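Notes for the structure review
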Amino acid sequence: MRFVSYLLCFVVLWLLNFSYSLGQEKSEEDSKNPLTSAYIRYGQMERWQEDETQITALTEKIELYQAGKILKADTLIARTKTQKDTASLSKDIIFDEVYAEGNVKIISEKDLILADRFYYNFTNDTGIILNLEIRISSPSSRQEDEETVVLRANIAYQINKSTIIAKNASVTTCPHGKPHYYFWAYSVSFIKDEKGKIIVIKHLVPHITSIPIFYIPYYKKRLGSEPILRSVRISKSNRFGKSTDIKVGLNINKYLRDEKGEFIKNSDGYHKAKQWGDLTLVQHFYEKRGSASEPQLKYNWHSYEGLVKYYYIKDKGPDPSLKYTGLVYKTSGEIAKMEDKKRGRTHMFHRHNVSSYFRADLETYYLSDRYFQQEFFNQEYKEQKEPESYFYLRYLKHNAAGIFITQPNFSNFLNETNDQPCLKTYLLNEPVLSSFPLLYYSGSVELSRIKRQEDQRPGGADYHINRFDGFNEIFSPVRVGFIKVTPFLSARLTGYEKTRKDTDYSVRFVGSEGVRLFNQFFRSFDLKKTPIGI
């Protein structure tokens, strides 16, 4: 169903875009480029006056170009109240109304509309297309080449600037003249309002070899947003038994503002909006384990982004007869503890770019027990980063940087070494004297309190160690021939507690001097001459 709606949405969007742009004298891009002004070509022309209306009749290989679209036909009748001489027809002609018939073609880049007859009124943005066929080229999801989407309809109406309706429409990607499969709809309506664009489909029937498969009486969807019912999935596994997953969601939009904080409006006078976030809920029904809820919020705006994930299940307990259960839980006692237990996780991440130099990150991760992630999110457990919680501040400007990080731990069953907290500063490649730019300094300073947490199964205790570290280096890079030679002098001082029982610091000093040699060797290859054809 999602494929059907997206396919029809794309086609009707194209229709509305064509009729809207054709009704404008000049688009914003056209006004900047004089080469895109309208023109008309024809074989013969007759013109006469009817009251205050001028009638223009054109025949023989007519081609009208305007706003990026080309209209071709055998015959074209145009009406306008504005008096235009014959010479102006080849420069910037704009008709009030046009009626075309006979091999009508409307071309836009790779897209093509074929029709028997076409009428459009530019003054009130209304139009009619009879017996139309639209061919739209789109990338194939299975191949690198393109496939063609074909929409046919007996008649299409443009009611006004915001509404277009196609009657007795069919959509297919089958290349044959008589398609092997297609989606038929009694009517497809496309409406634009202050909140965006809506597609309404009435009486939708998919066909395979002219045989109807099922029937949907009514379908409505706002474009640019996901449907409320995202997916329904049924599966089966040894660990969970038969599973049914139902996903629903809601897009959250936010109005756009300008630099003064005022709402931005589009050309129709409506407030412009952009998607701020996506709120979803996946409800799982497991035959062996019970039901689980998985709400999630993802958001992304100009200077910040983040997500909030939650998973909760009152677990009936793992199946002790499975080999996988024995590998995860180790003992039968641990397996028994999971029966009818409330299990889950909470994961939250937020990143805020305060300025071009300053960024702040906050991430929290909580797991109910040591086995939960490995069993319910096994792929995440094996391939993604380990669960962690931290607060991170970073300042970076040119060659100077400062970092502050602290890592609280909300789970007492993990082996972890965390910074609580840690402060680091850096200064890289700074000239020592402005009058002597060949001598440079690089250095860093770190103050940290490191926490070591042992797995609580053996009853180990946590402990902290304080640490200080400073590094300084002076160097002078010069180039000798094709080799970069860098003499340097460096020193490093570190103070730390050896073990958790120490109360005094141990100090270590390391100094070094020497020369670094550096050069790059590379070779380029012309891959166009190779068999792979890149």
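Residues numbered from 1 in each chain as written. Predicted model: local features only at pLDDT ≥ 70, side-chain atom pairs only at ≥ 80, totals over all residues. Heavy atoms only, no water.

Moving on, we come to the layout of surface pockets. Volume-wise, the largest pocket comes out at about 670 Å³. Along its surface, the largest pocket is lined by 27 residues, and D245, H284, E294, F376 and F377 are the ones closest to its centre. Put simply, the parts of the chain that give the lining of the largest pocket at least two residues each are strand 14 (229–237), strand 15 (241–255), strand 16 (273–286), strand 17 (290–300), strand 18 (304–315), helix 5 (372–376) and helix 6 (378–383). In terms of residue count, strand 14 provides more of the lining of the largest pocket than any other element does, 5 residues in total. Among the residues forming the lining of the largest pocket, the class breakdown is 7 nonpolar, 10 polar and 10 charged. (1 Å grid on protein atoms, 1.4 Å probe; cavity = no way out; pocket = protein on both sides within 12 Å on 5 of 7 lines; lining within 4 Å. Points joined across faces, edges and corners; volume = space filled by probe spheres on them. Helix = DSSP H or I, 4+ residues; strand = E, 2+ residues; numbered from the N terminus. Nonpolar A, V, L, I, M, F, W, Y, C, P; charged D, E, K, R; others polar.)

This paragraph deals with the pattern of salt bridges. Scanning all chains against the criterion turns up 21 salt bridges. The residue R79 makes a salt bridge to E97 at a minimum N-O spacing of 3.3 Å. Of this pair, R79 sits in strand 4 (residues 69–80) while E97 is found in strand 5 (residues 97–108), placing the two residues 18 residues apart along the sequence. Take R79: its relative accessible area is 34%, and that puts it in the partly exposed class. Between R345 and E380 there is a salt bridge, with its nearest N and O atoms 2.7 Å apart. Note that R345 is positioned in strand 19 (residues 341–353) and E380 in helix 6, a separation of 35 residues in sequence. Each of the two residues, R345 as well as E380, counts as buried. (Salt bridge = Lys/Arg side-chain N within 4 Å of Asp/Glu carboxyl O. Buried < 20%, exposed > 50% of the residue type's maximum accessible area, 1.4 Å probe, protein only.)

In this section: the confidence of the model for the chain. For the chain, per-residue confidence averages 80 on the pLDDT scale, and 80% of positions sit at 70 or higher. Strand 17 holds the highest mean pLDDT among the elements of the chain, 95, whereas helix 2 (residues 28–32) holds the lowest, 40. A low-confidence stretch, residues 85–91 stays under pLDDT 50, and its non-local contacts, those more than four residues away or across chains, total 14 contacts. Low pLDDT, under 50, characterises residues 139–145; the stretch is placed with 6 contacts to residues that sit more than four places away or in other chains. (pLDDT = per-residue confidence, 0-100. Contact = heavy atoms within 4.5 Å.)

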